[in-house]
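The residues making up each chain are set out below.
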Amino acid sequence: MTMYENFEQLIKNFDGATTESVLSYFLKSHKGRIALASSFGAEDQVLTDMVASLDPTTKIFSLDTGRLHEETYRVMDQTNRKYGISIDVYAPEREELEALYRQQGSYGFRDSIENRKACCHVRKIVPLKRALKGMDVWITGLRRSQSPTRELMRLVEWDEGNNLIKLNPLIEWDEKRVWDYIKEHKVPYNALHDEGFPSIGCAPCTRAVKEGEDLRAGRWWWENPEHKECGLHLRGA
């Protein structure tokens, strides 16, 4: 399958299926060529718990941008220990990162959307390409209700930019269901969630949200909502 149209019947086949059964199907049918990307947010921790239970040999990776919160590194260690796994970590290329600092300094990403996207490109997009090399399926923790930029995303999509299938097993889940799962299964989670951070990225680009704000209001809060993607999850990109 390479064309988006081929997923229509597949999605229908999964109608009414549990999240675990969807994951199990893909983990078996693409064993060795499927990977879960984790930023150690609540959704990714749910998926890590499921994947580790279904097939602990599955590749799980994270992008260390070099500007993550201390709490994120802490939950990474807790996750490895709990499940007896070793999450792969991909960092930015040294030469590209040094050039980025020369071009925009430490906080130039706040000067314009172009600068911020350039920063995301070096710290996230390029490492992601390396992480997904040789993979057929990329599992994400995206949920449709997270933000306006994700409302049209589906359970299974074709990612043209990375030339693989993107699987979004939690796409229909709401916030309560995520946290109910975490509590029931005693899944380790980022301590920042308890401090008002529903969405957690790089430290300089993430803040706590106020009551009633959008779940991703704390990400790149100086930008308009429709711009709040780093480029990893743009449809058709």
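Caption draft 1: Focus on the nonpolar core. By size, the foremost hydrophobic cluster in this structure holds 40 residues, and its most contacted members are Phe 26, Val 46, Ile 139, Val 156 and Leu 167. A per-element tally of this core places helix 3 (residues 42-54) first, with six residues.

Caption draft 2: Molecular detail of the sheet that holds strand 1 (residues 34-37). If you trace the six strands from one edge of the open sheet to the other, you get 3-2-1-4-6-5, paired in mixed fashion. Sheet topology places strand 3 (88-90) and strand 5 (156-159) at the edges, where each strand pairs with a single neighbour. Across the sheet, the mean angle separating the axes of adjacent strands is 30° when strand polarity is ignored. Alignment of strand 1 against strand 2 (residues 59-63), held across three bridges, turns out to be parallel. Across the sheet, the residue bridging to Ala 37 is Phe 61, located in strand 2.

Caption draft 3: Fine view of the packing of helix 5 (residues 94-104) against helix 6 (residues 113-131). Taken N-terminus to C-terminus, the directions of helix 5 and helix 6 make an angle of 170°; their axes are 10 Å apart at the nearest point. Considering the angle they form, helix 5 stands roughly antiparallel to helix 6. Counted together, Glu 96, Leu 97, Leu 100, Tyr 101 and Gln 104 of helix 5 and Asn 115, Ala 118, Cys 119, Val 122, Arg 123 and Val 126 of helix 6 form the full contact between these two elements. Among the residues forming the contact of helix 5 with helix 6, the class breakdown is seven nonpolar, two polar and two charged.

Caption draft 4: Seen up close, the side chain of Ser 38. Inspection of the secondary structure puts Ser 38 in the loop between strand 1 and helix 3. Its relative accessible area of 4% is what places Ser 38 among the buried residues. Engagement of the side chain of Ser 38 in a polar contact is seen with the backbone nitrogen of Phe 40, the distance being 3.0 Å. The residues contacting Ser 38, other than those within four sequence positions of it, are Asp 44, Gln 45, Thr 48, Ile 60, Phe 61, Ser 62 and Leu 63.

Caption draft 5: Representation of the state of the cysteines within the structure. This model, assessed by the stated rule, comprises zero disulfides. The thiol of Cys 119 is not disulfide-bonded; the next cysteine sulfur, from Cys 120, is found 5.9 Å away. Owing to a relative accessible area of 10%, Cys 119 belongs among the buried residues under this scheme. Residue classification places Cys 120 among the buried positions, given a relative accessible area of 6%.

Caption draft 6: Up close: unusual backbone geometry. One non-glycine residue, Phe 40, lies in the positive phi region at around 65°. Tracing the backbone through its elements, the reader meets Phe 40 in the loop between strand 1 and helix 3. Classification of Phe 40 as buried rests on a relative accessible area of 0%.

Caption draft 7: Broad picture of helix 6. With 19 residues, helix 6 should cover 27 Å at 1.5 Å per step; its first-to-last C-alpha distance of 25 Å lies within 8% of that length. Where helix 6 bends most, at His 121, the angle is about 45°. Within the span of helix 6, buried status applies to Arg 116, Cys 119, Cys 120, Val 122, Arg 123, Lys 124, Ile 125, Val 126, Pro 127, Leu 128 and Ala 131. Summarising the contacts, the buried residues of helix 6 are in contact with strand 2, strand 3, helix 5 and strand 4 (137-139).

Caption draft 8: Expanded view of the pattern of salt bridges. Counted under the stated rule, the structure contains 14 salt bridges. A salt bridge links Arg 94 to Glu 95; its shortest N-O distance comes to 3.9 Å. The two residues Arg 94 and Glu 95 agree in class, both being exposed. Between Glu 98 and Arg 94 there is a salt bridge, and its shortest N-O distance comes to 3.3 Å. Placement of both Glu 98 and Arg 94 in helix 5 is noted, with a separation of four residues, approximately one turn of the helix.

Caption draft 9: Fine view of the packing of helix 3 against helix 4 (residues 70-83). At a closest axis distance of 11 Å, the pairing of helix 3 and helix 4 adopts a crossing angle of 20°. In terms of axis orientation, helix 3 runs roughly parallel to helix 4. In this structure, the crossing between helix 3 and helix 4 has a hand that is right-handed. Between helix 3 and helix 4, the contacting residues are Gln 45, Thr 48, Asp 49 and Ala 52 on the first element and Val 75, Thr 79 and Tyr 83 on the second. For the contact of helix 3 with helix 4, the class distribution of residues is three nonpolar, three polar and one charged.

Each value, and the rule that gives it
Residues numbered from 1 in each chain as written. Predicted model: local features only at pLDDT ≥ 70, side-chain atom pairs only at ≥ 80, totals over all residues. Heavy atoms only, no water. Core = buried A, V, L, I, M, F, W, Y, C linked by side-chain atoms within 4.5 Å. Buried < 20%, exposed > 50% of the residue type's maximum accessible area, 1.4 Å probe, protein only. Helix = DSSP H or I, 4+ residues; strand = E, 2+ residues; numbered from the N terminus. Pairing = 2+ DSSP bridges. Axes fitted to C-alpha atoms, helices over the stretch in contact; angles between N-to-C directions. Parallel < 35°, antiparallel > 145°, perpendicular 65-115°, else oblique. Contact = heavy atoms within 4.5 Å. Nonpolar A, V, L, I, M, F, W, Y, C, P; charged D, E, K, R; others polar. Polar contact = N/O pair within 3.5 Å; in protein donor to acceptor, adjacent residues only side chain to side chain. Disulfide = S-S within 2.5 Å. Expected span 1.5 Å × (residues − 1). Bend = angle between axes of the 7 residues up to and from the residue. Salt bridge = Lys/Arg side-chain N within 4 Å of Asp/Glu carboxyl O. Left-handed = near helix turned anticlockwise from the far one by under 90°.

Function cannot be read off these values alone, since they describe shape.
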